Amino acid sequence: MAARSSALSGPALPFRVVLWIFGFITIVPFGLLLLTSIKSKPDLLKGAFVLPAYPHFENYLNAWVDGHFSTYFMNSVLVVVPVVLVSTVLGLLTGFAFAYLSFPLKRTIFILLTIGMMVPTEAFIIPLYYEMLYLNLINTYWVLVIVQIAMSVPFSTLFMASAMQQIPGEILEAAVLDGAQRPQVLRRVIVPLLLPAVSTLALFLFIWTWNEFLLPLILVNDDSLRTLPIGMLFFQGKYTINTPVLTAGAVIVIAPLVVVYLIFQRKFIEGLTAGATK
Amino acid sequence: MAATEHNSAEALSPPATRSMAASARRTRRREPASILDRAGGGNLLYLLPGLLIYAVFVFVPIVAALVVSLTDWNGLATPVFVGLRNYVELFADGRFYTALGNNAQFIIFYCAVPLIVGICLAAIISAVKQRERLVLRTLFFLPYIMPTAVLGIIFQWLYNPAFGPFNQFLKAVGLGKLALPWLGDFTFVLPAVGAVASWYFFGFCMVVFLTGMQRIDPSLFDAAKVDGAKAWQSFFYITLPSLLPEIRVVLLLTVIASIKSFDLIFTMTRGGPGNATLVPNIYMYQLGFQLNRFGYAAAVAIIGAILVFAVNAAIYLLMRPERKTA
């Protein structure tokens, strides 16, 4: 199969058919989701693959208003924006420290951060819940934002530090000789040079925070504070039968992801796989 | 993760200065500090904000989980120290073994299936024209950016026995006998949930392998062809061995994902019916947040974390990257 890569002709037709069958399998659930989200309940009884007589966009209105998806969407945005901003800045600062500065216990602290990256959230969610209860932070925006930031510190730090280590030393030397102070070097020299890495990090943080399920499931139980994935779960519990509105809700959750993905897909795919193959 | 940035940063320095940069880097390594390093406490201003927030909200809970796992605690009364009793009880707990067994079966769907499908698709797709390849790559990767919890809810509907599209499709093509209540069937629920995990991961695996294949020297394939090698022979003797680093990474990520699996199974089955899809993390959730046995639940969680570390170590040791070829 692979031998053909250097040949002029593409792969044989059966192989390409296999390829597109898998492509079809990937897209079908999303297609059905979109189709069902514009059906009425009577339409649905006619069969899952039958087109509706006319599109019922009121399902989206129902999900948005009656299903509280407007609240969930707002909450997701209110959590994602500060997490992405603060985590990126913290990643730059801590990464800067690991890339260029000396401080006591550097190796030990590095190992402690790596541990945080490997231990599953599930392993410490119980003490975390009680810590938050003790700090009176359960059922607040703060808890979702702070914990998400804290959990992203190890990755942001290592990601930024390894990107900074790639910057040629003489660029920094030139900046220092020109009399720039460290904050200026970071802001005026390093950040502009690392803009691709910074934006990749911001993308990852966006997607991880948007998709986070366990933290809001455990740390928040007030409906007015639920983010989209959790809101979806409780909506499903209440309206199991109303499939069109449920699917409209699902589209509301994943639409921003799909839009961001299609805009930045090169960055996404290359960033994620480069991390994997490093 | 920095591989892409590596290239862009290298590109910033013209070739003539690159050797200078390399020597500068070498001297920097001998002395721990760089030109930006300063004596005194100023360095800590950069380190501490991130480190403190991490310590308070991640590291302290991790340590606390270890401590809680050594206690008997219902969440209200004062925890009672019981030493390793939770762990002893755990190793005699049938449900825990069921959960581990299910997790082992899930590994087939989280790792083996996506790995094999991904590597085969990558071999095919690498020969497809650039444009079509980019379209397919974008398509295959799409599930990987989705929230697994929401995917679980979507697939629960797709699998619905009464009005789910999946069974309607089976009936429409004359396979009505196979239209089972997938998520309610003790035998088929695990493969049904597992199939979603395979669907989620295969595109990611494919893209990783595709990236790896672009690294292989095309003249190897030409040479093999001249020597009369069949397509499948060059796949097994050239492509597969060259992809060893990627296979290692994919194994690592998917095995860990299967040990960590919670969202998808929680939203699809809650571990049921019975214990048919119970995995350690679901068991931990039930023990902790439904039965208020927090000490025991923490012990389950700690075992899960130990498994993640063990897998990391095992894959690292068994499939050590070969420095010579890399």
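Residues numbered from 1 in each chain as written. Chains lettered and ligands numbered in written order. Predicted model: local features only at pLDDT ≥ 70, side-chain atom pairs only at ≥ 80, totals over all residues.

A. Layout of the overall build of chain B. The secondary structure content of chain B amounts to 15 helices and two strands. Across the 326 residues in chain B, those meeting the buried criterion constitute 46%. For chain B, long-range pairs separated by at least 24 residues make up 71% of all intrachain contacts whose partners lie at least 6 apart in sequence. (Helix = DSSP H or I, 4+ residues; strand = E, 2+ residues; numbered from the N terminus. Buried ≥ 20, exposed ≤ 12 C-beta atoms within 10 Å, placed from the backbone. Contact = placed C-beta atoms within 7 Å.)

B. Focus on the overall build of chain A. The number of helices and strands found in chain A is 14 helices and zero strands. Its C-alpha atoms give chain A a radius of gyration of 24 Å, clearly above 19 Å, the size a compact globule of 278 residues would have. Dimensions of chain A, computed from the C-alpha atoms along their principal axes, are close to 75 × 65 × 35 Å. Counting only contacts in chain A whose residues sit at least 6 apart along the sequence, the fraction spanning at least 24 positions is 75%. (Rg over C-alpha atoms; globule rule 2.2 N^0.38 Å.)

C. Region of interest: unusual backbone geometry. Positioned with a positive phi, A:H68 is a non-glycine residue whose angle comes to about 65 degrees. For A:H68, the location among the structural elements is in the loop between helix 3 (58-65) and helix 4 (69-100). One non-glycine residue with positive phi stands out, namely B:N292, at about 55 degrees.

D. Highlighting the packing of helix 5 (residues 106-118) of chain A against helix 3 (residues 42-68) of chain B. For the pair helix 5 of chain A and helix 3 of chain B, interaxial distance at closest approach is 11 Å and the crossing angle is 45 degrees. Viewed along their axes, helix 5 of chain A and helix 3 of chain B adopt a mutual orientation that is oblique. Helix 5 of chain A and helix 3 of chain B meet at a crossing whose hand is left-handed. From helix 5 of chain A, A:I109, A:L112, A:L113 and A:G116 reach across to helix 3 of chain B, where they touch B:L51, B:Y54, B:V58 and B:F59. Broken down by class, the residue content of the contact of helix 5 of chain A with helix 3 of chain B amounts to seven nonpolar, one polar and no charged. (Axes fitted to C-alpha atoms, helices over the stretch in contact; angles between N-to-C directions. Parallel < 35°, antiparallel > 145°, perpendicular 65-115°, else oblique. Left-handed = near helix turned anticlockwise from the far one by under 90°. Nonpolar A, V, L, I, M, F, W, Y, C, P; charged D, E, K, R; others polar.)

E. Fine view of the interface of chain B and chain A. With 107 residues of chain B at the contact, the number on the chain A side is 98 residues. Here the element with the most residues in the side of chain B that touches chain A is helix 3 of chain B; it accounts for 18 residues. Class assignment of the residues belonging to the side of chain B that touches chain A gives a composition of 74 nonpolar, 21 polar and 12 charged.

F. Just the nonpolar core, in detail. Grouped together as the largest cluster of nonpolar side chains are 183 residues, with contacts concentrated most on A:V147, A:A150, A:A250, B:V150, B:M206 and B:V300. Among the elements that take part in this core, helix 9 (residues 189-213) of chain B stands out by supplying 18 residues, more than any other. Once you skip the residues sitting within four places of it in the chain, B:V300 turns out to touch B:L90, B:F96, B:P280, B:Y283, B:M284 and B:L287. (Core = buried A, V, L, I, M, F, W, Y, C linked by C-beta atoms within 7 Å.)

G. Focus on the packing of helix 3 of chain A against helix 13 (residues 243-263) of chain A. Residues and elements named next belong to chain A. At a minimum axis separation of 8 Å, helix 3 and helix 13 run at an interaxial angle of 75 degrees. Regarding the angle of helix 3 to helix 13, the classification is roughly perpendicular. For the pair helix 3 and helix 13, contact is made by N59, Y60, N62 and A63 and by P244, V245, A248, G249 and I252, respectively. Of the residues in the contact of helix 3 with helix 13, the class split is six nonpolar, three polar and no charged.

H. Summary view of helix 15 (residues 294-318) of chain B. Between its first and last C-alpha, helix 15 of chain B extends 36 Å over 25 residues, near the 36 Å set by a 1.5 Å rise per residue. All of the buried residues along helix 15 of chain B are B:F294, B:G295, B:Y296, B:A297, B:A298, B:A299, B:V300, B:A301, B:I302, B:I303, B:G304 and B:A305. (Expected span 1.5 Å × (residues − 1).)

I. Region of the structure containing helix 10 (residues 195-211) of chain A. Between its first and last C-alpha atoms helix 10 of chain A spans 24 Å; for 17 residues at 1.5 Å apiece the expected length is 24 Å, and the two agree. Along helix 10 of chain A, the positions that sit buried rather than exposed are A:A197, A:V198, A:T200, A:L201, A:L203, A:F204, A:L205, A:I207, A:T209, A:W210 and A:N211.

J. Geometry of the confidence of the model for chain A. Residues and elements named next belong to chain A. Mean pLDDT over chain A: 87, with 93% of residues reaching 70 or higher. Within chain A, no element has a lower average pLDDT than helix 14 (residues 265-277), which sits at 69, and none a higher one than helix 4, at 95. Considering only residues more than four positions removed or in separate chains, one finds that residues 1-8, a stretch of pLDDT under 50, has 31 contacts. (pLDDT = per-residue confidence, 0-100.)

K. Looking closely at the environment of A:F234. With respect to the helices and strands, A:F234 occurs in helix 12 (residues 228-238). Between the C-alpha atoms of A:F234 and A:D223, which are 11 residues apart in sequence, the distance is 8.8 Å.

L. Inspection of the confidence of the model for chain B at higher detail. Taken residue by residue, chain B gives an average pLDDT of 83. The fraction at 70 or more is 88%. Across residues 1-30 of chain B, confidence stays below pLDDT 50; counting only partners more than four residues off in sequence or on other chains, it has 42 contacts.

M. Spotlight on the environment of B:R270. Residue and element names in this part refer to chain B. Following the sequence through the fold, R270 ends up in the loop between helix 13 (263-268) and helix 14 (280-290). With 13 C-beta atoms counted inside 10 Å, the residue R270 sits in the partly exposed group. Counting along the chain gives 203 residues from R270 to V67, while the straight-line C-alpha distance between them is 28 Å.

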